[in-house]
Amino acid sequence: MKIVLASSAGGHLTELFELLPQDLNKDKFVIFTEKNDRTSKLKNKTYFFKPLLYNPFPYFPALLRCIKILRKENVNVLVTNGAEIGLPAIIAAKFLGIKTIYIDISAAATIRTLAGKFSYPFSDIFLVQYPEMARHYGKRAKYVGGIV
Amino acid sequence: MIFVSVGTHNQEFERLIRKIDNLAKEINEEIIIQRGHTKYIPKNCKSFKFDSDLKPYMKKARLIIAHAGIGTTIEVLRKLKKPLILIPRQHKYGEHINDHQVGMARHFEKKWGVKIIYNIKDLTSELIKRYDRITPMNDKKLIMIRNYLKGAILGEEDER
């Protein structure tokens, strides 16, 4: 079972680690993120991507690179909570028929996230962390608990 | 000791730091502020910009006053179980890129009974001196989502 976590390098990645079942071997997860002081020290196999921010153009090379890596790594499941490389990664995984799980960030208690909006069509499982947030995205969005 | 923390977000939170600095004159307890990207430097209490680990300060503190960041809140309410007052960063004051901290603060208030200050005027020296309520946060919801994710990842329960 090979699992990829795709997330921006700050609080998003911290939260993703916190949300995942603690009895899975965390060190085996493959990470897609940006390089910083913390992510460069991760024990995990990590692929670094340049920051994408809100500029649409770097998304295409990032998407192609995601497809290439996901193929090579023979990935079974992709988990993302959005931001940065999350969107290209979930599109690439969906395209390759890899199971995709999107988890909306816990900061989104009242406000819909852009990452969630764009990732929704590419998700097999779409989770929000507050019961009231499900209606902001679509019928498949569900609440099964959250970090707080 | 009272520990005040505004996290690592790259916008200022002068509204809180200045207020604490003013109140420090009326409070006889040591106050330490982690001021982050706020340029204003408190005159009436100790402060520092960042530290690689804030836990030792939180462990030592009697009361923690902080921005409504998720990391701080979990650390204080779930792990340390100490009194906490949260002041959400607000977009209209240039303290964050949107009002998600206000949204989270409302959730913490409603769900866990956390003390939230929306208007900085409501943060008084009286409140700080006497505040000792502990509103622990359990991890039921966290265990729920972890169990669900385990099933989803291992392909045991796609639909529920």
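The structure contained in this document is the topic of the report that follows. Along each chain, residue indices are assigned from 1 in the same order as the chain's sequence is written. In the order they appear in the text, chains get letters beginning with A and ligands get numbers beginning with 1. Side-chain atom pairs in this predicted model are given and counted only at pLDDT of 80 or more, local residue features only at pLDDT of at least 70, and totals for whole chains, interfaces and linings cover all residues. In computing side-chain properties, one takes all heavy atoms of the structure into account and sets aside hydrogens as well as water.

Section: the overall build of chain A
Helix numbering and strand numbering both begin at the N terminus, where a helix is a DSSP run of H or I of at least 4 residues and a strand a DSSP run of E of at least 2. Summing up its helical and strand segments, chain A has four helices and seven strands in all. In chain A, the succession of α and β elements from N to C terminus is β-α-β-β-α-β-α-β-α-β-β. For this measure, only C-alpha atoms enter the radius of gyration; the expected value for a globule follows 2.2 Å times N^0.38, where N is the number of residues. Against the 2.2 N^0.38 benchmark of 15 Å for 148 residues, chain A shows a C-alpha radius of gyration of 14 Å, consistent with a compact globule. Overall size of chain A, expressed as C-alpha extent along the three principal axes, is 35 × 35 × 30 Å. Between buried and exposed lies partly exposed: a residue is buried under 20% and exposed over 50% of the maximum accessible area for its type, with that area taken using a 1.4 Å probe on protein chains only. Here chain A, with 148 residues, has 55% of them falling under the buried criterion. The contact criterion used throughout is that any non-hydrogen atoms of two residues lie within 4.5 Å. Long-range contacts, defined here as pairs at least 24 residues apart, represent 51% of the contacts in chain A between residues at least 6 apart. Using the Shrake-Rupley algorithm and a 1.4 Å probe, accessible areas are obtained, with residue cover drawn only from the displayed protein chains. As displayed, chain A offers around 6900 Å² of accessible surface, 60% of which is attributable to carbon and sulfur atoms. In chain A, which carries 21 positive and 11 negative side-chain charges, the distance between the mean positions of the two groups comes to 8 Å. Counting rule applied: Lys, Arg positive; Asp, Glu negative; His and chain ends not counted. Every charge is mapped onto a representative atom, which is NZ of Lys, CZ of Arg, CG of Asp or CD of Glu.

Topic: the interface of chain B and chain A
The partner chain A presents 29 residues to the 27 residues of chain B that form the contact. Here's the idea: put two parts together, see how much 1.4 Å probe accessible area each one loses, and the total over both is what we call buried area. Here chain B meets chain A over a buried area of about 2600 Å², counting both sides, of which 66% is carbon and sulfur. Of all residues in chain B, the largest losses of buried area upon contact with chain A belong to Ile145, Arg146 and Ile153 of chain B, amounting jointly to 26% of the total for that side. Any Lys or Arg side-chain nitrogen found within 4 Å of a carboxyl oxygen on Asp or Glu counts as a salt bridge. Across the chain B-chain A interface, the total number found is two salt bridges. The residue arginine 146 of chain B makes a salt bridge to glutamate 18 of chain A at a minimum N-O spacing of 3.7 Å. In the analysis that follows, any N or O atom pair within 3.5 Å is treated as a polar contact, provided that within protein one partner can donate a hydrogen and the other can accept it, and provided that, for residues neighboring in sequence, both atoms belong to side chains. The tally of links between chain B and chain A comes to ten residue pairs in polar contact (both at pLDDT 80 or more).

Considerations on unusual backbone geometry
Residues and elements named next belong to chain A. Phi is positive for alanine 83, close to 70°, though the residue is something other than glycine. Relative to the elements of secondary structure, alanine 83 occurs in the loop between β4 (77–80) and α3 (86–95). The backbone of glutamate 84 shows a phi angle near 55°, a positive value even though the residue is not glycine. Turning to its location among the elements, glutamate 84 is positioned in the loop between β4 and α3. Owing to a relative accessible area of 15%, glutamate 84 belongs among the buried residues under this scheme.

Section: the side chain of glutamate 34 of chain A
Residues and elements named next belong to chain A. By the secondary structure assignment, glutamate 34 is in the loop between β2 (30–33) and β3 (45–48). In this structure, glutamate 34 is buried with no salt-bridge partner, the nearest side chain bearing the opposite charge being arginine 38 at 9.2 Å. Among the polar contacts made by the side chain of glutamate 34, one reaches the main-chain amide nitrogen of alanine 9 at a distance of 3.3 Å. Residue contacts for glutamate 34: discarding those within four places in its chain leaves Ser7, Ser8, Ala9, Thr39, Phe48, Phe49, Pro51 and Glu84.

Side note on the packing of helix α2 (residues 59–73) of chain A against α3 of chain A
All names here are of chain A. Every angle, taken between N-to-C directions, lies between 0 and 180 degrees, and every axis is a line fitted to C-alpha atoms, over only the stretch in contact when it is a helix. Remark: α2 packs on α3, axes separated minimally by 8 Å, with the N-to-C direction vectors making an angle of 50°. Considering the angle they form, α2 stands oblique to α3. As α2 runs across α3, the sense of the crossing is right-handed. When α2 is examined against α3, the residues Tyr59, Ala62, Leu63, Cys66, Ile67 and Leu70 are found in contact with a partner set consisting of Leu87, Pro88, Ala89, Ile91, Ala92, Ala93 and Phe95. Gly is put with the polar residues, along with every residue not named as nonpolar or charged; the nonpolar set is Ala, Val, Leu, Ile, Met, Phe, Trp, Tyr, Cys and Pro, and the charged set is Asp, Glu, Lys and Arg. Grouping the constituent residues of the contact of α2 with α3 by class yields 13 nonpolar, no polar and no charged. Orientation labels follow simple angle bins: below 35 degrees gives roughly parallel, above 145 gives roughly antiparallel, 65 to 115 gives roughly perpendicular, and whatever is left gives oblique. Handedness of a helix crossing follows the sense of rotation of the near helix relative to the far helix, less than a right angle counterclockwise being left-handed and clockwise being right-handed.

Function-wise, these values are silent; they only describe arrangement.
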